[in-house]
Amino acid sequence: MVDKRMDEVLQLIREKPHNKAKLATIQNFAQYLLPTAGLRVEDATPWHVMSWLSWRDTHGRGKTIVHLLTCQFIGSATNAHCACPRRLKATYIAGLVSRLRSAYRDLGDRWEHRWAFSAGNPADSRAVDDYIHAVNTEQKAAGVTVSQASVMLLPKLRLLLFAMRSRLQVKGLPTMQFLLIVRDAAWFLLAFWSGIRGRQLGDTLLFHVRWDEVGRNIFIKCCAGKTIRDLSSAESFIIPSRDDDRDVCPVRSMRMYMRAAGSILPSSEASGYLFPQYECSQGVVRVVPGPISDGAINRRLEHYLRLYQMDAGETLHGFRSGAVLTRRFEGYSQEEAAAAIGWRTPSIGIHYAKFEEVLRHSGMTLAGIAALSVDAQSVLYMRTNALLGAAGAGPLSF
């Protein structure tokens, strides 16, 4: 009985996304070490880590073009047709090292590697840090910059939802597709207005969702026994109704999703999750055990954006920026915008929005910007942030 319970808890630990990523990283390192150096992971040195990173960089699926200084496309952010090498991004390589370092710490190697003793964590060494710094410098010199998540702003979200809901009017639309569209629309709106991370929203249980007495607000992750005073927790959120803009109202979309799920699913089908996975067999829609991942919803978002020819690289992560930016466009201060979303400190909103930092380059005063509509401010922010209309200097002539 004790062993069974321990296995259950250990399985929960192993199933955490970060722990699964660490395990996959050190397994990949082990698969490289054995045939190339005949070593186990316990015997590796920083040199082997750098060799593995170089192997990943040249044999991986790198898509970042590191232009040579003589290449005519240097500095271009587009997929240029040139013979310059395709590499993994420096930030991705740094992430590999971070996960490998953490995996070694789990094995007991908690100290920085010491060459003199050939002991310590091989991923935690000055040599590996210098390798990452050199790759980062190389890519910066080639004009490769750290890409930011594309912001999902309210006007585009409204257009996307309109296109999705138009699909619901098609005669003969399969029941499974109908349910997926209303589920995804509810997910997108909850994510946008709450700023909840995709993983948190995917793990939300049905009993964590509450409605107020008149149905104007949604309370998420308010466990039984909790009161409104406990909503200062970063795990709890209040999402108000948007009666003035029903097309993007999260409460209205949630009710539509709940009605659809209740009418389509058999009465015996019940899921503990607010947003479960679904499968269809012989025309009968059923719930798949377990939550849907944020990666799966990201793929659904990408599918819709491409289907309606609206794709500009937006992901669920960009919804967090859109959440705080929309409130700034509505006249909220930085502190009020963060509080309305449920974030503990305004610094989170500053990190995701950079409201003043971007719009001060728009050529307008903040007072003039505030007089614009929310949609107009959204377009102005998007154009300014993307430097639309700005022309390159071109080659120098002597």
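Our subject in this report is the structure included herewith. None of these values were measured; they are calculated from a predicted model.

## Observations regarding unusual backbone geometry
Here Q309, not a glycine, exhibits a phi torsion of approximately 55°, which is positive. Its location among the elements puts Q309 in the loop between helix 10 (294-307) and helix 11 (317-329). On the basis of relative accessibility, which here comes to 75%, the residue Q309 falls in the exposed class.

## Points about a nonpolar patch on the surface
Together, V2, M6, V9, L10 and I13 give the surface a local cluster of nonpolar side chains, amounting to about 420 Å² of exposed area. Inspection of the secondary structure puts V9 in helix 1 (residues 2-14).

## Things to note about the layout of surface pockets
A water-sized probe rolled over the atoms picks out the places where empty space is left. Of the volumes computed, that of the second largest pocket is approximately 540 Å³. R197, R199, D294, N298 and H317 are the residues nearest the centre of the second largest pocket, which is lined by 16 residues in total. Contributions of two or more residues to the lining of the second largest pocket are made by helix 7 (175-194), helix 8 (198-202), helix 10 and helix 11. The element contributing the most residues to the lining of the second largest pocket is helix 8, with four residues. Broken down by class, the residue content of the lining of the second largest pocket amounts to six nonpolar, six polar and four charged.

## Quick notes on the packing of helix 3 (residues 46-59) against helix 5 (residues 126-141)
For any two helices packed against each other, the geometry comes down to the angle between their axes and how far apart the axes lie. Following both chains from N to C, one finds helix 3 and helix 5 inclined at 25°, their axes separated by 8 Å at the closest point. Here helix 3 is positioned roughly parallel relative to helix 5, judged by the angle of their axes. In this structure, helix 3 meets helix 5 at a crossing whose hand is right-handed. Mapping the contact onto sequence places P46, V49, M50, L53 and S54 in helix 3 and A127, V128 and Y131 in helix 5.

## Here we look at the pattern of salt bridges
Counted according to the given criterion, the structure contains twelve salt bridges. Note that R101 is salt-bridged to D129, the shortest N-O span being 3.8 Å. Residue R101 is found in helix 4 (residues 90-106), and its partner D129 is found in helix 5; the two are separated by 28 residues along the sequence. The shortest N-O distance in the salt bridge between E302 and R306 comes to 2.6 Å. Of this pair, E302 and R306 both sit in helix 10, four residues apart, roughly one helical turn.

## Here we look at the side chain of R242
Counting through the fold element by element, R242 comes out in the loop between strand 5 (237-240) and helix 9 (250-264). For R242, a relative accessible area of 12% translates into the label buried. At a separation of 2.3 Å, a polar atom in the side chain of R242 contacts the side chain of E330. With residues near it in sequence (within four places) discarded, R242 still touches W193, V248, C249, P250 and E330.

## As for helix 6 (residues 154-167)
Here helix 6 is 14 residues long and its end C-alpha atoms lie 20 Å apart, about the 20 Å a rise of 1.5 Å per residue gives. Considered for burial, the residues of helix 6 that qualify are L154, P155, K156, L157, L160, L161, A163, M164 and R165. Where the residues of helix 6 are buried, they touch helix 7, helix 9, helix 10, helix 11 and helix 16 (374-385).

## Examining the packing of helix 11 against helix 16
Put simply, helix 11 and helix 16 touch, their axes get as near as 9 Å, and they point 125° apart. In terms of axis orientation, helix 11 runs oblique to helix 16. Relative to helix 16, the crossing made by helix 11 is right-handed. Residues L325, T326 and F329 of helix 11 form the contact with helix 16, whose participating residues are V374, Q377, S378 and Y381. Classifying every residue of the contact of helix 11 with helix 16 gives four nonpolar, three polar and no charged.

## Comments concerning the packing of aromatic side chains
For the coordinates displayed, the defined rule picks out nine aromatic pairs. Connected via pairs of aromatic rings, a cluster forms that spans F188, F192, W193, Y304 and F319. We note R242 situated over the ring of W193; from NZ or CZ to the ring centre the distance is 3.8 Å.

## Some remarks on the environment of R360
Relative to the elements of secondary structure, R360 occurs in the loop between helix 14 (355-359) and helix 15 (366-370). As for R360 and T384, which are separated by 24 residues in sequence, their C-alpha atoms are 9.1 Å apart.

## Overview of the environment of R61
Of note, R61 is situated in the loop between helix 3 and strand 1 (64-65). The class for R61 is exposed, based on a relative accessible area of 79%. As a C-alpha pair, R61 and R86 span 25 residues in sequence and 8.2 Å in three-dimensional space.

Criteria and cut-off values
All residue numbers here refer to positions counted from 1 along the written sequence of the relevant chain. The predicted origin of the model limits local features to residues at a pLDDT of at least 70 and limits the giving and counting of side-chain atom pairs to 80 or more, whereas totals for whole chains, interfaces and linings rest on all residues. Based on all heavy atoms of the structure, the side-chain values leave hydrogens and waters out of the count. Runs of E in the DSSP output that reach at least two residues are strands. Runs of H or I that reach at least four are helices, and both are numbered from the N terminus. The buried label applies to any residue whose accessible area, calculated with a 1.4 Å probe on protein chains only, is under 20% of its type's maximum; exposed applies above 50%, and partly exposed to all values in between. Nonpolar side chains (Val, Leu, Ile, Met, Phe, Trp, Tyr) are joined into patches within 5 Å and like charges within 9 Å, using only residues with over 30% relative accessible area and no salt bridge. Surface exposure here means Shrake-Rupley accessible area, sampled with a 1.4 Å probe, where a residue is shielded only by the protein chains that are shown. In what follows, salt bridge is the name for a side-chain nitrogen of Lys or Arg lying within 4 Å of a carboxyl oxygen of Asp or Glu. Only protein atoms enter the 1 Å grid used here, on which a cavity is any set of points holding a 1.4 Å probe that cannot leave and a pocket is any open set flanked by protein within 12 Å on both sides along at least five of seven lines; residues with an atom within 4 Å of a point are listed as lining. Grid points are joined across faces, edges and corners, and a volume is the space filled by probe spheres set on the points. Gly is placed with the polar residues, together with every amino acid not listed as nonpolar (Ala, Val, Leu, Ile, Met, Phe, Trp, Tyr, Cys and Pro) or charged (Asp, Glu, Lys and Arg). Every axis corresponds to a line fitted to the C-alpha atoms, with the helix fit spanning only the stretch in contact, and the corresponding angles, defined between N-to-C directions, vary from 0 to 180 degrees. The labels follow the angle: roughly parallel below 35 degrees, roughly antiparallel above 145, roughly perpendicular from 65 to 115, and oblique for the rest. Should the near helix be turned anticlockwise from the far one by less than a right angle, the crossing is termed left-handed; should it be turned clockwise, right-handed. Here a residue-residue contact requires only that any non-hydrogen atoms of the pair lie within 4.5 Å. Under this definition, polar contacts are N or O atom pairs within 3.5 Å; protein pairs additionally need one hydrogen-donor-capable and one acceptor-capable atom, and for neighbouring residues in sequence, both atoms have to be side-chain atoms. One fewer than the residue count of a helix, multiplied by 1.5 Å, yields its expected span. Note on aromatic pairs: the rings of Phe, Tyr and Trp (six-membered ring only in Trp) are paired at centre separations within 6.5 Å, and the planes decide the class, stacked below 30 degrees, edge-to-face beyond 60, tilted for the rest. Here, a charge over a ring means that NZ of Lys or CZ of Arg falls within 6 Å of the ring centre while also lying within 35 degrees of the ring normal.

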